[in-house]
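Architecture and fold: a report
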Amino acid sequence: MNRMAVYGGRKLQLAPLMGLPGIPLTKTTVRQNLETAEKQWQSLSRLYEHFSPDAMFPMMDLSVEAEALGIGLLKPENGSFTVAVHPVTSREALQQLTLPRPRKDGRMPVMLEVMRLMSRYLDCLNIAYVIGPFTLAGQLAGAGPVIKGVLKNREFLLRLLDFSGLVIHSYAEALVEAGADMICLLEPTASALSPEQFRLFSGTHIQGFVAGCAAPVILHICGNTTVLIEEMIATGCRGLSLDSQVDLPAVSRLIPPDRYIFGNLDPVRTVAYGSRMQVVAETRTLRRSMAGLDNFVLSTGCDLPLDTRLENLEGLCSAAREV
Amino acid sequence: MKELTELAVLVKNGDEIEAAEKARQIINAVDPSMIVMTLTVAMRELGEQFEKQEIFIPELLIAADALLEVMKIVEPHLQHSQEQRKTVVIGTVAGDIHEIGKNIVSVVFKAEGFNVIDLGTDVSPRDYIDTAVKCGAEVIGMSTLMTTTMDVQKEVVERLVAENIRDRYKILIGGAPTSQRWANEIGADAYCQDAFKGAAYINSLS
């Protein structure tokens, strides 16, 4: 039905954003998986054995970079880790920070080891996550102050963004060395911005990251990013990962054929908690609507929850592979 | 009145210091309920601009800050009829500490004259329900920004049903990954794409 997306001679047709659903397969906890490379690897490899997608991601964790900078986290046993404090609210506080050493600080070494294991043992493309510069700035200084900063505190915000850019550059470099075929940059906080604000306070910095990254970059922003699509493309990223609120067939007309379009089944309502029949039907509908585009990669609009029904993932994968 | 118009412009522009100063200047000369009414209209106008994508979250946030500063000055002068105010319990669901959207909702709802009980972030289903029962709330509003925590919204509705008190409350949900379809599926009363739609929904209740 669809023309097939490829990367480096390998097919890239099916790549759901899944990591957490592997945890029940190993009867472990989210915390164990985010803190121990071996446990995360086991959960991911079980997912891969079950579903064999064309690309695998590690567990989505937007707290790795902030923790490596010494920022405190909330670490529930069975929920995503989140940044608990946002102390970098002044130039002086920013000057106190030192760039993390990816092989030593926080859980960056855990994620590097996960990527090494994925690269060594999984016969698919392996895509590592890094956080976006604006989102990291929001974790350091608080999302509210940073979003307001685009209007009221621009000079400090730009310094913070420069620093964030350095953090993610060195981490991505280490992830690529560990075997990542692509980098998926997660920039959810930028969904709050106008196109012009995005260009000035996120896009420009992502552009610098993309230019200096040794692997192709996929840009993921949660929510309805329709208004930002052109600015997202202008970052030079190799692909866009779009959430389920975006009308994918409509925006695909704006996206050049040399950029991948990852998307965009509803991860919660459909894939996690819908019926298998519903998942199959929506997957088929999405494929039909994107037929003819060989830059389309069937995926979920965002990360799949921990308790995603595995029979639904099976339905998604089988419908994605129907001829 | 010229002063009220100027105050509204200052709030809409997010000039919080100037707006507070203007409020202090006029508070003894103007009916405070007129000030609130003016600011409610101003926030609704911002809502319309937001809907048309003429402004975005940064502009809303700085306007909300300015509104809060003005309300601190005006509120002690207001004589609310508590019986007529709808009580709304809001918060970001357990496992999620995103608060920007929820904070905008809080400010807009206050501007509309609702009695807002803001539970903050990482709110458990039990806390939503216990607070709503204790305060005699009419509305429970739940926000989440993460796909991984959306299910908490469903859990609150299920618990209300299990405890036989579902019909006491209108349940509003919001947040980037949510939708009207999600609201329908979990049995919420309304999906609110933004704070202004939430306020309009509550105002539409008899």
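Residues numbered from 1 in each chain as written. Chains lettered and ligands numbered in written order. Predicted model: local features only at pLDDT ≥ 70, side-chain atom pairs only at ≥ 80, totals over all residues.

1. Side note on the overall build of chain B
Tallying secondary structure elements over chain B gives nine helices and five strands in all. Across chain B, helices and strands are ordered from the amino to the carboxyl terminus as α-α-α-α-β-α-β-α-β-α-β-α-β-α. Each principal axis of the C-alpha atoms in chain B carries an extent, and together these give about 55 × 35 × 25 Å. A total of 206 residues make up chain B; the buried ones form 52% of that total. Counting only contacts in chain B whose residues sit at least 6 apart along the sequence, the fraction spanning at least 24 positions is 74%. (Helix = DSSP H or I, 4+ residues; strand = E, 2+ residues; numbered from the N terminus. Buried ≥ 20, exposed ≤ 12 C-beta atoms within 10 Å, placed from the backbone. Contact = placed C-beta atoms within 7 Å.)

2. Topic: the overall build of chain A
Each helix and strand in chain A was counted, giving 15 helices and 11 strands. Against the compact-globule benchmark of 20 Å for 323 residues, chain A has a radius of gyration of 19 Å, which places it among compact chains. Along the first, second and third principal axes, the C-alpha atoms of chain A reach 60 × 40 × 35 Å. A buried classification covers 57% of the 323 residues belonging to chain A. Taking as baseline every contact in chain A between residues at least 6 positions apart, the subset at least 24 positions apart corresponds to 70%. (Rg over C-alpha atoms; globule rule 2.2 N^0.38 Å.)

3. Considerations on the packing of helix α14 (residues 276-289) of chain A against helix α15 (residues 310-320) of chain A
Residues and elements named next belong to chain A. Between α14 and α15, the least distance of the axes is 8 Å, while the angle of their chain directions is 30°. The orientation of α14 relative to α15 falls into the category roughly parallel. Crossing angle aside, the handedness with which α14 passes α15 is right-handed. Contact residues: α14 offers R276, V279, V280, T283 and R284, while α15 offers E311, N312, G315, L316, A319 and A320. Looking at the contact of α14 with α15 residue by residue, the class counts come to five nonpolar, three polar and three charged. (Axes fitted to C-alpha atoms, helices over the stretch in contact; angles between N-to-C directions. Parallel < 35°, antiparallel > 145°, perpendicular 65-115°, else oblique. Left-handed = near helix turned anticlockwise from the far one by under 90°. Nonpolar A, V, L, I, M, F, W, Y, C, P; charged D, E, K, R; others polar.)

4. Structural notes on the sheet that holds strand β7 (residues 182-186) of chain A
All names here are of chain A. In space, the seven strands of this open sheet follow the order β3-β6-β7-β8-β9-β10-β11, with parallel pairing throughout. Of all strands in the sheet, those with a lone pairing partner are β3 (55-56) and β11 (296-300), marking the two edges. Pairing geometry for strand β10 (residues 260-265) and β11, over five bridges, is parallel. Looking across to β11, one finds that I261 is bridged to F296. (Pairing = 2+ DSSP bridges.)

5. Digging into the interface of chain B and chain A
With 20 residues of chain B in contact, the opposing surface of chain A contributes 28 residues. Elements with a contribution of two residues or more to the side of chain B that touches chain A: α4 (57-74) and α8 (180-186) of chain B. Per-element accounting of the side of chain B that touches chain A gives the leading share, four residues, to α4 of chain B.

6. Looking at the domain arrangement of chain B
Residue and element names in this part refer to chain B. You can read the domains of chain B as domain 1 (2-77) and domain 2 (83-204). Each side of the interface is counted separately: domain 1 has 14 residues, and domain 2 has 11 residues. Those elements that provide at least two residues to the side of domain 1 that touches domain 2 are α3 (32-51) and α4. Residues that form the side of domain 1 that touches domain 2 fall into these classes: 11 nonpolar, two polar and one charged. (Domains from an automatic or database assignment.)

7. As for helix α1 (residues 2-12) of chain B
All names here are of chain B. For α1, the full list of buried residues reads L7, A8, L10, V11 and K12. Those residues of α1 hidden inside the fold are in contact with α2 (16-26), α3 and α4. G14 sits one or two residues past α1 and shows a positive phi near 75°.

8. Notes on the sheet that holds strand β1 (residues 87-92) of chain B
Across a sheet, paired strands are connected by hydrogen bonds in the backbone, their directions being either parallel or antiparallel. All names here are of chain B. The strand order across the open sheet formed by five strands is β2-β1-β3-β4-β5, and the pairing between neighbours is parallel. Bordering the open sheet on either side are β2 (115-118) and β5 (190-191), each of which pairs with just one other strand. The pairing of strand β3 (residues 139-143) with strand β4 (residues 170-174) spans five bridges and is classified as parallel. The residue of β4 that forms the bridge with I140 is I171. In the packing of helix α9 (residues 195-204) onto the sheet, the strands contacted are β1, β3, β4 and β5, and the crossing angle to β4 comes to about 170°.

9. Details of the pairing of β4 of chain B
Residue and element names in this part refer to chain B. Counting buried positions over the five residues of β4 gives four, a clear majority of the element. Handedness of the β3-helix α7 (residues 151-162)-β4 crossover: right-handed. Here two bridges tie β4 to β5, and the two strands are oriented parallel to one another. Bridged to L172 within β5 is A190. (Right-handed = clockwise from strand over helix to strand, strands pointing away.)

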